[in-house]
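Next come the chains, spelled out residue by residue.
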There are 2 protein chains.
Amino acid sequence: MRSPVSLSLALAVAVAPLAAQASDSSARAVLTLMPMPASVRVDAGRLLLSPFFRVAVPRYRDARLLRAVDRALSHLAGRTGLVLSHDIARDSLLGTLVVDVRAAGQTVQSVDENESYTLDVTGGRVVLRAPTVVGALRGLETFQQLVSGDSDAFGVPFVHIADQPRFRWRGLLIDVSRHFEPVEVIERNLDAMAAVKLNVLHWHLSDDQGFRVESRRFPKLGRGSDGESYTRGQVKEVIAYARDRGIRVVPEFDMPGHAISWFVGYPAYASAPGPYTLPTDYHFTAAAFDPTRASVYHFIDGFVAEMSALFPDRYWHVGGDEVDARIWTSNPAIRRFMRHHKMADAGALQAYFDQRLSRILAAHHKRMIGWDEVLHPDLPRSVLVQSWRGYESLGEGAREGYSGILSAGLYLDAMSSAAQLYMVDPLPAGNDLDSAQVARILGGEACMWGELVTPETIDSRIWPRTAAIAERLWSPREVVDIDDMYRRLAAVSVELEDVGVQHLSGPAALWRRIAGTDQIAPLRALAGVVEPVSLGQRMRLRRPTTVTPLIAPGDIVTPDARDGRALSALLDTLFRDPGAARGAAVRDTLAAMFARWRSIAPALAAMTTHAPLLIDADSAAVALAAASAVGEEALSYLSDGRTAAPAWTTDRLAQLDSAAAPRGLLRLAIVPPLRRLVLAAGGTAAASGQ
Amino acid sequence: MRSPVSLSLALAVAVAPLAAQASDSSARAVLTLMPMPASVRVDAGRLLLSPFFRVAVPRYRDARLLRAVDRALSHLAGRTGLVLSHDIARDSLLGTLVVDVRAAGQTVQSVDENESYTLDVTGGRVVLRAPTVVGALRGLETFQQLVSGDSDAFGVPFVHIADQPRFRWRGLLIDVSRHFEPVEVIERNLDAMAAVKLNVLHWHLSDDQGFRVESRRFPKLGRGSDGESYTRGQVKEVIAYARDRGIRVVPEFDMPGHAISWFVGYPAYASAPGPYTLPTDYHFTAAAFDPTRASVYHFIDGFVAEMSALFPDRYWHVGGDEVDARIWTSNPAIRRFMRHHKMADAGALQAYFDQRLSRILAAHHKRMIGWDEVLHPDLPRSVLVQSWRGYESLGEGAREGYSGILSAGLYLDAMSSAAQLYMVDPLPAGNDLDSAQVARILGGEACMWGELVTPETIDSRIWPRTAAIAERLWSPREVVDIDDMYRRLAAVSVELEDVGVQHLSGPAALWRRIAGTDQIAPLRALAGVVEPVSLGQRMRLRRPTTVTPLIAPGDIVTPDARDGRALSALLDTLFRDPGAARGAAVRDTLAAMFARWRSIAPALAAMTTHAPLLIDADSAAVALAAASAVGEEALSYLSDGRTAAPAWTTDRLAQLDSAAAPRGLLRLAIVPPLRRLVLAAGGTAAASGQ
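Not measured: the values here are computed from a predicted model.

Glancing now at the nonpolar core. The tendency in soluble globular proteins is for nonpolar side chains to be buried as a group. Among the nonpolar cores identified, the biggest contains 205 residues, and Trp203 and Trp262 of chain A are the most heavily contacted of them. Here this core gets 11 residues from one element, more than from any other, and that element is helix α24 (residues 615-640) of chain B. Ignoring anything within four residues of it in the chain, the contact list for Trp203 of chain A reads Ile174, Val176, Ile186, Tyr230, Val235, Val238, Val249, Val250, Pro251, Glu252 and Phe311 of chain A. Core analysis: the second largest hydrophobic core is formed by 203 residues, Val126, Phe353, Tyr422 and Met485 of chain B among them.

Set out below in structure tokens:
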């Protein structure tokens, strides 16, 4: 058995601060931190965790900080099996981990909160220093991610970390309108957000399909909730829970469009007469507030008055997206109003509405955020613009003096891979903004729209991919090594379940349910190879509604199918060095992989005889068997050193094309690398590219 | 593709009522009901479930019944993917499922509640008839268990079921003192209990290690809670939740012993002076109420007055177990009291205490239950006796006129197999009780003591094994086919997760946590072969306390290791017919099994280099590899038709003996069948027995 110290010596090397380095340094390769800190130095050695581990908080301390330390201790005990004292010392000499905090930080956390910290692990102890409690919270998360085991014990490598975020606004939008998400779902996601240092929960609380907050002043809003909404007490609980984790809560009440749920109880404020009922479908629906009537602004003022007392954050999201001009222009009274006020089009009318809205919000000490449709020359420069239609509108806004955050490219329901999400940068290299404009780009938000997620599936749609987004928003721009990101994501993914989200347990439970058995090895195997179809295909193929049970295989599998990446990596190795002994070993591995994949179809066929919901999985497995057979043929050409005839190549590429077609809501993730293999068998140089 | 109807015709045969039959009828073999109803007739045909499925409640209806129907509809939609209407009709002609209930049933459910129902599935519809709402709840569970899929759709076989329980008291004890279990844990277990028709939650609310209910009258009881207890509101919520599912809640406040947590706040009522602190260990601790002082009874009376208003059940469990006589006899004042009242021993003093307790309870309209130590000639016959020390005390009580329930043999923490628990019958065949005595045996309770379970692990300790106990307590005594029980248990196990318990998800999540990866196939494979050591070994080996994290492999694996049973079944087949082609196939299967088992050790060794908590799993895998090698050798003798030398047999049996020793908290579950194989290789006839 190796001693922990010698292991550490073998692995760890002293290196210069990270931000100045290449991203694949050997020092970083031992860490599974995500997001990667701004600066890390790894030294030789490792602090062992023992039952004598104890936390000291010698300087500033308050209940929020002590609760965070307490959570960290519980989490640490639950991971290491150590019985740890929850008695937090005041004397720093008594601490194995000294949490040295200067002050509380802001009473209401703002976008300007100081989140920096330093973390020094040496032989004697761990010292976490932060100017604010929020900085300490960030450092505590880093500390927990540093803990790893060898064969004997758990420990923390000697490191010196100096860290602060690249962007001040690092958010996750959760849409609770299309499908309601109970408080426990929100809270476990807040825990996961905190683990990867996100700092804004954007709570999309109203949309056509549901209004989700209790209003005492306007109780008929409850009629737009279908019985599922948060009480005021629950809202307060969530906000307190978030604040405990250094996370702001920004409410969104979407208007003037996406507003049917308001009108179920209050049809008088709509631009067309009611009555309104909650839609169960997701068709684009033509309903909006009437911007021409004083009573509408009076109503909104009253609503903001009530809710601004409930939501302490400085920002208030008004939505502002996707208003169909015809909603207004088909109403004669509204057309008269527009003519009277010399408004050229519906855009001008929305700008008028947004201006009045921003004045109402200002009167209640709130700053307005809106989706990028709100961008209009008449809009006050105080408004923050959230870009969803493209990166361009973010830059455009910044040049015109608006601050902005990026969500274009960060829609989680689009089912992009973690790698794709990871490369979406609010300030990409080579942008043409000047320093003042750059300062207006506050950050970004991942968006979990609710049409296709339920409390059972939402976690696996958000996590672990959002951890990659969190790193993009926190870490230096230069941290872009995708292989290293996936390496660390695999570790962080498991840790995220420990803090409460169920993105790994949830899919397994759903497989068991729709298979009717706990023997789901063939489905696990299939899930390594298939991914969900794109959002567009999904909506077209099955036309889901708010009441459709979301338990198809396409609701269970996730992007980043593991075997898809594994196959690509094997082919990279093979094509780099096809002749050597290593090439033969890779070919053996590939052959075993293909054989394993072919064996899934008969197993699933048997399962599907009593599990009709597996039908998509069954036909995906059949396609997989066909694709695997093509792979085996291609491999035999390579093994024998023969070159396939052009007709073979053409035919097999066509077979792969048909294997690539969606099977229900599933698609094979391994077709692009298999194409490479077929091309290689045909002697085509393109085999080495994707 | 086969049509559902022809499939049903192929499988289903019309048979006479079940109670009168052999337990392995082919009709029953198509059903996965658990508990098996008192009488089932299966007819040819199957009612298909479609989106037009609708429930009608034409006669008696109340909110409880409608909520239950609503839950059943949600559950059905979540299993089948069908969009089902939640609009419950009054006109029975509109119902695919007609729920015809005569009356509400008891206002406070008692042991005498009528739980019977009939369920008739024919071509046109399903008719559930019940005299009470509780009977309808039971029938709704049976209906849901009847739903199964073929390759095309879900349906329900044509059946005629007439059902009622064998025993009136079918309970689960959950100890929340040693480890606190939050309300959500209790509620999800109530859902699982309802699914298998259990009807009593025995809530063990106080013990030495924690007092778990808020008292307004005696607020210092909160000092004995370590900050974790139920508010009155939560207690009411749990009771309402249970009543909605036809489950009674019987509180236990253990006294005079097991009572340290009372004395943390109220030391004056103890028989020895304080101060008292909550113990974190599980040593037998010498503290008890002082039965000689009037103030003690005054206190208890006040406490019962407060709590009897909170807990509506007719029964109140006083504990009464394990009082160490020396607690009392070492106190001079108590000795004087005993002399004065001519009490021969501590038993007489406890009987005096119990008598006074029963009078206090009677004044508050409560009937007393106690553990079998309370049995004493002076005890009133109205007391219900819960037998934990053995079956004998149950029968003894019944002969002396006491009603009783059985828990001996039903301790879930003893880690017995489902088969062992299944055979524990409160009224076994051949008992010598007369009919009046038989009527006094009300049923039984599974006991989930809390020393070694946390909210993370409790579900996998209770389920699915408790479903087998539930069947014993509900179904006819003649339903005893263990293979068929395991067949149905596998299906019910998956359904239990759907209703909320996490006995399958929870262990997987813990494996991922302590392995630090989501690639846990070797651990899943190992879990098929190993089981937890017995409770006694566990307590001796590791001496756990209330603060020990319970995340060792021995906290994750469960009894009934799948491959242990699979190996036994294969050997049964082999020894029944060793020569034929089938024998060769079985030998091939065994060889593959042994090879698979041997491959676990190297995989786990690699994992354990960075996961120290896997150590027990690692050494169990090494033992498994050794045992598998022995199996392979034995198999080669059988394949070659050779007989092993006696020395070989002796040596290999010794090797198996050492493989059978506990590895930390794990033990191999496959040693007994491997011994059979070795003996067979040595030509010993004993091979065909266990």
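A separate point is the domain arrangement of chain A. When the domains of chain A are assigned, the result is domain 1 (4-163), domain 2 (169-498) and domain 3 (506-688). Between domain 1 of chain A and domain 3 of chain A, the C-alpha centre-to-centre distance is 41 Å.

Moving on, we get to helix α23 (residues 581-608) of chain B. Residues and elements named next belong to chain B. Here α23 spans 42 Å end to end across 28 residues, near enough to the 40 Å set by a 1.5 Å rise per residue. Among all positions of α23, only Gly583, Val586, Arg587, Leu590, Met593, Phe594, Trp597, Ile600, Ala601, Leu604, Met607 and Thr608 are buried. Lining the buried residues of α23 we find α18 (505-515), α19 (521-527), α22 (562-576), α24 and α26 (671-681).

The next thing to look at is the packing of aromatic side chains. In total, this model carries 64 aromatic pairs over all chains according to the counting rule given. Both rings, one in Tyr266 of chain A and one in Tyr269 of chain A, keep their centres 6.2 Å apart while their planes meet at 25°; by these two values the pair is stacked. The pair formed by Tyr266 of chain A and Tyr269 of chain A is uniform in burial state, with each residue classed as buried. Here the aromatic rings of Tyr297 of chain B and Phe353 of chain B are separated by 5.9 Å at their centres, their planes lie at 45°, and the arrangement is tilted. You can see Tyr297 of chain B sitting in helix α8 (residues 294-310) and its partner Phe353 of chain B sitting in helix α11 (residues 346-363), a full 56 residues away along the chain. The pair Tyr297 of chain B / Phe353 of chain B is uniform in exposure class, with both members buried. Directly above the aromatic system of Trp474 of chain B lies the positively charged group of Lys197 of chain B, at a separation of 5.8 Å from the ring centroid. Above the face of the Tyr486 of chain B ring, Arg565 of chain B is positioned so that its terminal group lies 3.7 Å from the ring centre.

Let us now look at a nonpolar patch on the surface. Residue and element names in this part refer to chain A. A surface patch of nonpolar side chains, amounting to about 220 Å² of accessible area, comprises Met423, Val480 and Ile482. Mapped onto the elements, Ile482 comes out in helix α17 (residues 482-499). For Ile482, a relative accessible area of 31% corresponds to the partly exposed category.

Another point: the relation of the copies chain A and chain B. Of the two same-sequence chains, chain A is brought onto chain B (RMSD 0.0 Å, axial shift 0.0 Å) by a rotation of 180°. The two molecules are tied by a two-fold rotation axis, judged by turn and shift. For chain A, the smallest separation between a C-alpha atom and the rotation axis is recorded for Ser505 of chain A, amounting to 2.8 Å. Here 100% of the interface residues in chain A have copies in chain B that are interface residues too; the copies meet face to matching face.

The next subject is the interface of chain A and chain B. Contact residues are listed per partner, giving 38 residues for chain A and 38 residues for chain B. For the pairing of chain A and chain B, the buried interface totals around 3,100 Å² over both sides, and the portion due to carbon and sulfur atoms is 55%. Where chain A packs against chain B, one counts 6 salt bridges. Breaking the side of chain A that touches chain B down by element, the ones donating at least two residues are α3 (63-80), α17 and α18 (505-515) of chain A. In terms of residue class, the side of chain A that touches chain B is built from 14 nonpolar, 13 polar and 11 charged.

This brings us to the side chain of Gln145 of chain A. Residue and element names in this part refer to chain A. With respect to the element layout, Gln145 can be found in helix α4 (residues 133-146). When its relative accessible area of 5% is taken as the criterion, Gln145 is described as buried. In this structure the side chain of Gln145 is engaged in a polar contact, spanning 2.9 Å, whose partner is the backbone nitrogen of Met34. Sequence-distant contacts of Gln145, that is, excluding residues within four places in its chain, are made with Thr32, Leu33, Met34, Ala195, Val492 and Glu495.

Basis of the calculations
Residues numbered from 1 in each chain as written. Chains lettered and ligands numbered in written order. Predicted model: local features only at pLDDT ≥ 70, side-chain atom pairs only at ≥ 80, totals over all residues. Heavy atoms only, no water. Core = buried A, V, L, I, M, F, W, Y, C linked by side-chain atoms within 4.5 Å. Buried < 20%, exposed > 50% of the residue type's maximum accessible area, 1.4 Å probe, protein only. Helix = DSSP H or I, 4+ residues; strand = E, 2+ residues; numbered from the N terminus. Contact = heavy atoms within 4.5 Å. Domains from an automatic or database assignment. Expected span 1.5 Å × (residues − 1). Phe/Tyr/Trp six-rings, centres within 6.5 Å; stacked < 30°, edge-to-face > 60°. Lys NZ or Arg CZ within 6 Å of the ring centre and 35° of its normal. Patch = residues over 30% accessible without salt bridge, like charges linked within 9 Å, V, L, I, M, F, W, Y side chains within 5 Å. Areas by Shrake-Rupley, 256 points an atom, 1.4 Å probe, with all protein chains shown as cover. Salt bridge = Lys/Arg side-chain N within 4 Å of Asp/Glu carboxyl O. Least-squares fit on C-alpha atoms with pLDDT ≥ 70 in both. Buried area = accessible area lost by both parts, 1.4 Å probe. Nonpolar A, V, L, I, M, F, W, Y, C, P; charged D, E, K, R; others polar. Polar contact = N/O pair within 3.5 Å; in protein donor to acceptor, adjacent residues only side chain to side chain.

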